[in-house]
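# Close look at the chain arrangement
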Amino acid sequence: MNVPEFFQKRIDAENAEEAQFEHQVHVCIAAGCASSGSNDIAEILEKTCEERGEDHPCRIKRVGCMGLCSRGPLVAHHQNGKEPAMYHSVTPDLAKEIARKLDGNPPKKNRLDPQMPFFARQKRVVLENAGLIDPENINHYFARGGYQSLNYVLEELSPEETVREVVTSGLRGRGGGGYPTGLKWSTVAKAGQGGQKYVVCNADEGDPGAFMDRVVLESDPHRILEGMQIAGHAVGANKGYIYIRGEYPLAIKHLTTAIRQARRATMLGHSVCGTTFDFDIELRIGAGAFVCGEETALIASIEGNRGTPRPRPPYPAEYGLWGKPTLINNVETYANIPAIFREGGEWFANIGTETSKGTKVFALAGEIENGGIIEVPMGISIKEIVNDMGGGVRNGGTCKAVQTGGPSGGCIPAQHFDSPVDYESLKKLGSIMGSGGMIIIDQKSSMVEVARFFMEFCMSESCGKCIPCRAGTAQLHQLLDDLLEGRATTRTLPLLEELCEVVRRTSLCGLGQSAPNPVLSTLRFFREEYEALAPAPDGKATDKVTV
Amino acid sequence: MLASGQIKTLKIDGRDVSAHENQTILEVARENGIKIPTLCFLEGLSVRGSCRLCLVAIKGSPRLEPACTTRCREGMEVETDNPELHQFRKRILELIFAERNHVCSVCVSNGHCELQALGAEFGLTHVEVAYQFPNMPLDLSHDRFVVDHNRCILCARCIRVCDEIEGAHTWDMMGRGKDARIISDMNEPWGESESCTSCGKCVQVCPTGALFEKGKSVAEMAKQRQFLPYLTIMRGGKR
């Protein structure tokens, strides 16, 4: 791809700016590190560097997520031609030392090895810019090739060719369901007769333990704007909405800045990239309801109504926002798009497995040594993720299971850790890929308690529209509570199983239909833990097992 | 395409039936005398698909679909009842009975209640799941009507009739999950509602004794719904 003059100028300008600095110190200011005081660290670094004087210029770059969130604040020292030096758990004292010793001996304390599996085994597509660019500076995005895919698509490809490229890539929806993205785009492209259509980005990430979308939005917001506009060109829409949860103030701030900067740079709004294509994006901020991640509830919420799902069909592709054909994709799905058009759909299809192409971002949480964000090719085994990259269980414990897919997913026991991570394999194990949360559970934890935790979540997040989900999750929660509090009878377990089936089969939307999954999957692999808590069918109470 | 819309033929419980393109399974089933239990559905109001009692099995579809919102398709084979569906419906009714305080013997709608009738039809002699006994209030502030949240099943018929037929939109819902509850205006006492026209349509469409007329004692509150088909015709057709 030839770089058009418009882009080359901006790239040159940014490179010239960067060349002035021999040293660049990246400080992660994404929510994970910010919560451990990285903004103060950045200020200390700036102050200390100023003391160095003008002869030794140094730039402090406030960047997005570098991945190892559990050991923040993270700082990386980039020097011309050298491998960056990374530091974890940076204290104000260490920050001063780093800034003072930029030229000489860098401090050895709290150094991270860039070759450790956590970093070395990653393949970064979605996160290619995370931790390297200032998310609030559009020039940094331009310097990394940003918006060139959009320009290429608008200049060179027809909407049909755009859709075909996505079909070629084999990309599947990253929000959880794994629906083929190309198919979704072509459905929306064919829906309606040239009338109004919409493109919506679902950024209402709400699974406990999942923060992939937050990291993408905080670290590289322009990427989403670019992906959504390419989608707009493909399906024939000129208006986009990003539905983002209100609990992500930093992501909202970065997106707001990105939208303003993109408009000013003619990368958004009227005549995008100087073509005849118009596209504008607005933010819609969620008010804390998990169910609004369900697409029909999300639509209702954007329209200003109570965020409750409605029966499908009609699907949003046909009848979405204000009754118009609407394309809804997840943050990570859109984040893949610019890379697909830069490198080609074939390139993307070569990553991953037969049915699951590309990479997937996972959030490692729970009892794991290296907690944070990783991006790995599909098909990698759970063992590699948990034991090698994640460094196993914290404080030397042993891993019992890993919970994937949030409240709609399930628990995969340690004996199945050789299984590859792709949509089909996880489903076979009674879990789902989900949006990418992985919670590591150690031997000390009770699986019944895990199930109760997720059921409580579903119960309090049920919108209350349909009866099986509203009343059923409350009953399921109570049954799990009975088991754990020693109130179980011989009927508790059979009733639990039957109600799971009722809720799963009869609920209106995905939230209710998948709410029993954490119970069903723990019942499948850890049934003995349930049985130990319930009286035996002959009426005699078994020994109470305390876990 | 035909101007009047296409005609589809399908099978419901093994019987060949015909349907307009826009007709739902429930409409066609009722036309042909096939009974499907419903609670949130009421002819003349928009469909909601929330009570899940009208779920039917469709051949080739892995999911159960609500008959009230699913449109007929050519060659569709629908099963409206089987042991599994029967058991699901019974459990759903059980969940409703246990959710709030449905005490028929002291209810104004005893003998005139759709929920009670369905319970009897499904032979619901006892409830196995745990009674929740939530502490629910009554609102007696209106001159003529009462809302008793203990009996409410959140079917939203009152919300729909008030919005779609009366045009007042006095009722709506607040809270979520088991804490969801119908409210008048911005959660103000019904008697102080400025939008309420006191037409009483909500009371008449309520399937249980959650909304009733003042002065009615146990088993006296029979609902009058003759007005609804007339009003929907006058408003220019079915919704």
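All of these numbers come straight from a predicted model, not from anything done at the bench. (Residues numbered from 1 in each chain as written. Chains lettered and ligands numbered in written order. Predicted model: local features only at pLDDT ≥ 70, side-chain atom pairs only at ≥ 80, totals over all residues.)

### A look at the overall build of chain A
When helices and strands are tallied, chain A shows 23 helices and 14 strands. In summary, chain A has a C-alpha radius of gyration of 24 Å against a globular reference of 24 Å for 547 residues, a match within 12%. Here chain A, with 547 residues, has 56% of them falling under the buried criterion. Within chain A, contacts between residues at least 6 apart in sequence are counted, and of these 73% link residues at least 24 apart. (Helix = DSSP H or I, 4+ residues; strand = E, 2+ residues; numbered from the N terminus. Rg over C-alpha atoms; globule rule 2.2 N^0.38 Å. Buried ≥ 20, exposed ≤ 12 C-beta atoms within 10 Å, placed from the backbone. Contact = placed C-beta atoms within 7 Å.)

### What to know about the overall build of chain B
Scanning chain B for helices and strands turns up 6 helices and 10 strands. Taken over the C-alpha trace, chain B has a radius of gyration of 19 Å; the compact-globule value for 239 residues is 18 Å, and the two agree within 12%. Overall size of chain B, expressed as C-alpha extent along the three principal axes, is 55 × 45 × 30 Å. For chain B, with 239 residues in total, the buried portion stands at 41%. A fraction of 62% describes how many contacts in chain B between residues 6 or more apart in sequence connect residues 24 or more apart.

### A word on the interface of chain B and chain A
At the junction of the two partners, chain B supplies 24 residues and chain A supplies 23 residues. Put simply, the parts of the chain that give the side of chain B that touches chain A at least two residues each are strand S4 (64-66) and helix H2 (83-99) of chain B. Broken down by element, the side of chain B that touches chain A gets its largest block of residues, 6 residues, from H2 of chain B. When its residues are assigned to classes, the side of chain B that touches chain A shows 13 nonpolar, 5 polar and 6 charged. (Nonpolar A, V, L, I, M, F, W, Y, C, P; charged D, E, K, R; others polar.)

### Details of the sheet that holds S4 of chain B
All names here are of chain B. Here we have 5 strands laid out as an open sheet, ordered S2-S1-S5-S3-S4, and mixed in their pairing. Of all strands in the sheet, those with a lone pairing partner are strand S2 (15-20) and S4, marking the two edges. On average, each strand axis in the sheet is inclined to that of its neighbour by 40°, with strand direction left out of account. Both strand S1 (residues 7-12) and strand S5 (residues 77-79) contribute to a ladder of 2 bridges, which runs parallel. Looking at S5, one finds that Lys-11 is bridged to Glu-77. (Pairing = 2+ DSSP bridges. Axes fitted to C-alpha atoms, helices over the stretch in contact; angles between N-to-C directions.)

### Comments concerning the environment of Gly-123 of chain B
Residues and elements named next belong to chain B. Take Gly-123: it is sitting in the loop between helix H3 (114-121) and strand S6 (138-139). Residue Gly-123 is classed as exposed on the basis of its 8 C-beta neighbours within 10 Å. Separated by 33 residues in the primary sequence, Gly-123 and Lys-90 have C-alpha atoms spaced 8.3 Å apart.

### Section: the domain arrangement of chain B
Residues and elements named next belong to chain B. Per the domain assignment, the segments making up chain B are domain 1 (10-81) and domain 2 (87-234). Relative placement of domain 1 and domain 2: their C-alpha centres are 25 Å apart. At the interface, 13 residues of domain 1 touch 18 residues of domain 2. (Domains from an automatic or database assignment.)

### Observations regarding the pairing of strand S1 (residues 23-28) of chain A
Looking along a regular strand, one sees the side chains alternate between the two faces of the sheet. Residue and element names in this part refer to chain A. Burial within S1 is extensive, with 5 of its 6 residues counted as buried. Bridging between S1 and strand S3 (residues 75-79) involves 5 bridges; their strand directions are antiparallel. The residue of S3 that forms the bridge with Gln-24 is His-78. Sheet topology places S1 next to strand S2 (residues 58-63); 6 bridges connect them, and they run parallel.

### Concerning the packing of helix H18 (residues 447-461) of chain A against helix H22 (residues 517-525) of chain A
Residues and elements named next belong to chain A. It is the contact of H18 with H22, at a shortest axis distance of 8 Å, that shows an interaxial angle of 170°. If you check the angle between H18 and H22, you find them roughly antiparallel. Two packed elements cross with a definite hand, and for H18 against H22 that hand is left-handed. Mapping the contact onto sequence places Met-447, Val-450, Ala-451, Phe-454 and Met-455 in H18 and Pro-518, Val-519 and Thr-522 in H22. (Parallel < 35°, antiparallel > 145°, perpendicular 65-115°, else oblique. Left-handed = near helix turned anticlockwise from the far one by under 90°.)

### Here's the deal with the environment of Met-228 of chain A
Residues and elements named next belong to chain A. Note on placement: Met-228 falls in helix H11 (residues 221-235). Met-228 gets classed as buried once you count the C-beta atoms within 10 Å, which come to 26. Separated by 42 residues in sequence, Met-228 and Ser-186 have C-alpha atoms that sit 15 Å apart. Residues contacting Met-228, with those up to four places away along its chain left out, are Val-199, Cys-201, Gly-240, Ile-281 and Tyr-334.

### Concerning the nonpolar core
Val-27, Leu-45, Val-75, Ala-231, Leu-327 and Ile-440 of chain A together with Cys-158 of chain B are the most contacted members of the largest nonpolar core, which totals 240 residues. By residue number, the principal contributor to this core is H18 of chain A, which donates 9 residues. The residues contacting Val-75 of chain A, other than those within four sequence positions of it, are Val-25, His-26, Val-27, Ile-41, Tyr-87, Val-90, Ala-95 and Ile-98 of chain A. (Core = buried A, V, L, I, M, F, W, Y, C linked by C-beta atoms within 7 Å.)

### Examining the sheet that holds S6 of chain B
Residue and element names in this part refer to chain B. The strand order S6-S7-S10 describes an open sheet built from 3 strands, whose pairing is antiparallel. Among the strands making up the open sheet, the edge pair consists of S6 and strand S10 (211-213). Bridging between S6 and strand S7 (residues 145-148) involves 2 bridges; their strand directions are antiparallel. Across the sheet, Leu-138 pairs through a bridge with Asp-148, a residue of S7.

### Describing the confidence of the model for chain B
Here chain B averages 93 in pLDDT, and 96% of its residues register 70 or above. Taken together, the chains of this predicted complex give a pTM of 0.94 and an interface ipTM of 0.95. (pLDDT = per-residue confidence, 0-100.)

### What about unusual backbone geometry?
Cis rather than trans, the peptide bond between Arg-312 of chain A and Pro-313 of chain A has omega equal to -5°. The residue Pro-313 of chain A is located in the loop between helix H13 (295-302) and strand S9 (326-330) in this model. For the bond running from Pro-313 of chain A to Pro-314 of chain A, omega is 0°, close enough to zero to count as cis. For Tyr-147 of chain A, which is not glycine, the phi torsion reads 65° and is therefore positive. Relative to the elements of secondary structure, Tyr-147 of chain A occurs in the loop between helix H6 (138-143) and helix H7 (148-156). Residue Tyr-147 of chain A is classed as buried on the basis of its C-beta count, with 26 C-beta atoms lying within 10 Å. Positive phi is not limited to glycine here, since Ala-219 of chain B has a value of about 70°. Along the polypeptide, Ala-219 of chain B turns up in the loop between S10 and helix H6 (227-234).

### Notes on the domain arrangement of chain A
Each domain of chain A was delimited in the assignment, giving domain 1 (5-113), domain 2 (145-349), domain 3 (359-442) and domain 4 (449-533). Placing the centre of domain 1 of chain A and that of domain 4 of chain A at their C-alpha centroids yields a distance of 48 Å.

### Focus: helix H16 (residues 382-389) of chain A
Along an α-helix, residues three or four positions apart point the same way, because every turn accommodates 3.6 residues. Residue and element names in this part refer to chain A. Those residues of H16 that sit buried are Ile-382, Ile-385, Val-386 and Met-389. In a view along the axis of H16, the buried residues occupy a sector of 120°, so they form one face of it. Of the surrounding secondary structure, the elements contacted by the buried residues of H16 are helix H5 (117-120), strand S10 (359-366), strand S11 (372-377), strand S12 (399-404), strand S13 (410-413) and strand S14 (437-442). The first or second residue beyond H16 is Gly-391, which carries a positive phi of 75°. (Arc of directions from axis to C-beta.)

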